Amino acid sequence: MADEPRKIAFICSKGDLDMAYPALVMGWAALGNGIDVTIFFTFWGLDIINKHRQDKLELAPVANTSMKMKMMGLPTGNLGIPNLLGILPGMTAFTTWFMKKKIAEVGAPPVGEYLQMLVDGGAKLYACKMSVDMMGLTKEDFVDGVLDIVTASDFMDMTEGAQIIFI
Amino acid sequence: MATRVIAGKTVQVNEEGFLTNPAEWTKEIAVEIAKEEGIAELTPAHWKVIEYCRATAASLGGKSPTLRQITTGAGVSTKELFALFPKGPAKKVAHIAGLGKPEGCV
């Protein structure tokens, strides 16, 4: 169907800072290219639309095998942040601060502002009912762009014909 | 490199129909391409965006700025930008302004 616009749906299941960005970046690119975008937030992914949480997402250094000290300009080759150091108080705040700095350096806005751009560009946001019930949240906890709290089955209905990306 | 005639002028275009030489662009060409893109009339608000892109493209190697660069630089809101150039403003703005597609992701 040439007249049917291409449709993409993202399922965001993670609430870590670095896991919030893939759907934001790809969703924004999709909107810019005229592709219909739907995002379904489930489990920890609800943090991305939770107005009390979305700008406080974190990145923990423990068990993170990709974050090398070399990124911080130290001549330490393949050495990561030792897990033993990662458990020290303040280390998660440090790695979060560092990652936010790297994100800002490439011109990407913070999570809340980025998500608002997607909403303004026409992205449709939904929260997963089971996760919302499980975590004791209500629609009041979410940012304005969230259209509704829906079941997994509703999501399947509304994304018929869409390409689905799970994050 | 292919050429095509738009608004009575022969210009060089790439395989996607984007002008490859921004210097060949004219306002008449913009009006013509806008019609092809489904925008019947270019209003002053459209021109504000197009002119901002043309002005900044020189420092971006002939590429159109990204959508965020447009909204922050030209003072147009995201909603307004998507209303002016519906269904794919990133490509549409570049196409109409006679520039290459934006290179950034934001």
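Residues numbered from 1 in each chain as written. Chains lettered and ligands numbered in written order. Predicted model: local features only at pLDDT ≥ 70, side-chain atom pairs only at ≥ 80, totals over all residues. Heavy atoms only, no water.

Residues and elements named next belong to chain A. Looking at the secondary structure, you find Ser131 in helix α5 (residues 129–134). One polar contact links the side chain of Ser131 to the main-chain amide nitrogen of Phe43, over a distance of 2.9 Å. The contact partners of Ser131, leaving out residues within four places of it in the chain, are Thr42, Phe43 and Leu46. (Helix = DSSP H or I, 4+ residues; strand = E, 2+ residues; numbered from the N terminus. Polar contact = N/O pair within 3.5 Å; in protein donor to acceptor, adjacent residues only side chain to side chain. Contact = heavy atoms within 4.5 Å.)

Inspection of every chain in the model, using the stated rule, returns four aromatic pairs over all chains. Over the aromatic face of Trp47 of chain B sits the side chain of Lys27 of chain B, whose NZ or CZ is 5.0 Å from the ring centroid. (Phe/Tyr/Trp six-rings, centres within 6.5 Å; stacked < 30°, edge-to-face > 60°. Lys NZ or Arg CZ within 6 Å of the ring centre and 35° of its normal.)

Quick look at the interface of chain A and chain B now. Every contact between the two is made by 14 residues of chain A and, on the other side, 12 residues of chain B. Along the contact surface separating chain A from chain B lie one salt bridge. One salt bridge in this structure joins Arg68 of chain B and Glu113 of chain A, with 3.0 Å as the shortest N-O distance. Applying the counting rule to chain A against chain B returns three residue pairs in polar contact (both at pLDDT 80 or more). Sorting the residues of the side of chain A that touches chain B by element identifies α1 (17–32) and α4 (111–120) of chain A as the ones contributing at least two each. (Salt bridge = Lys/Arg side-chain N within 4 Å of Asp/Glu carboxyl O.)

All right, on to the nonpolar core then. Grouped together as the largest cluster of nonpolar side chains are 70 residues, with contacts concentrated most on Phe41, Ile49, Tyr114 and Leu125 of chain A together with Val49, Phe85 and Ile96 of chain B. For this core, the leading source of residues is α1 of chain A, giving eight residues. With residues near it in sequence (within four places) discarded, Val49 of chain B still touches Ile70, Val76, Leu81, Leu84, Phe85 and Val93 of chain B. Formed by eight residues, the second largest nonpolar core is a distinct cluster that contains Ile11, Tyr126, Val150 and Phe155 of chain A. (Core = buried A, V, L, I, M, F, W, Y, C linked by side-chain atoms within 4.5 Å. Buried < 20%, exposed > 50% of the residue type's maximum accessible area, 1.4 Å probe, protein only.)

A separate point is the sheet that holds strand β2 (residues 36–41) of chain A. Residue and element names in this part refer to chain A. Across the sheet, five strands lie side by side as β4-β3-β2-β1-β5; this open sheet has parallel pairing. Each edge of the open sheet is held by one strand with a lone partner, namely β4 (146–150) and β5 (163–166). Across the sheet, the axes of successive neighbouring strands diverge by a mean angle of 20 degrees, strand direction being ignored. Bridging between strand β1 (residues 7–12) and β5 involves four bridges; their strand directions are parallel. (Pairing = 2+ DSSP bridges. Axes fitted to C-alpha atoms, helices over the stretch in contact; angles between N-to-C directions.)

Turning to the pairing of strand β3 (residues 124–128) of chain A, a few remarks are in order. Two faces make up the sheet, and in a regular strand the side chains alternate between them. Residue and element names in this part refer to chain A. Counting buried residues along β3, four of its five residues qualify, which places the element largely inside the surrounding structure. Two elements, β3 and β4, share four bridges in a ladder whose sense is parallel. Within β4, the residue paired with Ala127 across the bridge is Ile149.

Below, the discussion takes up helix α5 (residues 89–96) of chain B. Counting buried residues along α5 of chain B, seven of its eight residues qualify, which places the element largely inside the surrounding structure. Within the span of α5 of chain B, buried status applies to Pro89, Ala90, Lys92, Val93, Ala94, His95 and Ile96 of chain B. Buried residues belonging to α5 of chain B abut α1 of chain A together with α1 (27–36), α2 (44–57), α3 (67–74) and α4 (78–84) of chain B. Looking one or two residues past α5 of chain B, Gly98 of chain B carries a phi angle of roughly 70 degrees, positive in sign.

Before going further, it helps to spend a moment on a negative patch on the surface. Negative charge collects at one region of the surface, where Asp148, Asp154, Asp157 and Glu160 of chain A lie side by side. Structurally, Asp148 of chain A is set in strand β4. (Patch = residues over 30% accessible without salt bridge, like charges linked within 9 Å, V, L, I, M, F, W, Y side chains within 5 Å. Areas by Shrake-Rupley, 256 points an atom, 1.4 Å probe, with all protein chains shown as cover. Lys, Arg positive; Asp, Glu negative; His and termini not counted. Charge placed at Lys NZ, Arg CZ, Asp CG, Glu CD.)

Turning our attention to the pattern of salt bridges. Residue and element names in this part refer to chain A. Scanning the model with the defined rule gives 10 salt bridges over all chains in all. One salt bridge in this structure joins Asp133 and Lys129, with 2.7 Å as the shortest N-O distance. Residue Asp133 and its partner Lys129 are both found in helix α5; the two are separated by four residues, about one turn of the helix. On the basis of relative accessibility, which here comes to 48%, the residue Asp133 falls in the partly exposed class.

Residue and element names in this part refer to chain B. Packing of α2 against α3 leaves a shortest axis separation of 10 Å and a crossing angle of 110 degrees. As judged from the angle between their axes, α2 and α3 are roughly perpendicular. Counted together, Lys48, Val49, Tyr52 and Cys53 of α2 and Gln69, Ile70, Gly73 and Ala74 of α3 form the full contact between these two elements. Among the residues forming the contact of α2 with α3, the class breakdown is five nonpolar, two polar and one charged. (Parallel < 35°, antiparallel > 145°, perpendicular 65-115°, else oblique. Nonpolar A, V, L, I, M, F, W, Y, C, P; charged D, E, K, R; others polar.)

We now examine α2 of chain B. Residue and element names in this part refer to chain B. For α2, built from 14 residues, the straight-helix expectation of 20 Å at 1.5 Å per residue is met to within 8% by its first-to-last C-alpha distance of 20 Å. Among all positions in α2, only His46, Trp47, Val49, Ile50, Cys53, Thr56 and Ala57 are buried. Structurally, α2 contributes buried residues whose contacts are with α1, α3, α4 and α5. (Expected span 1.5 Å × (residues − 1).)

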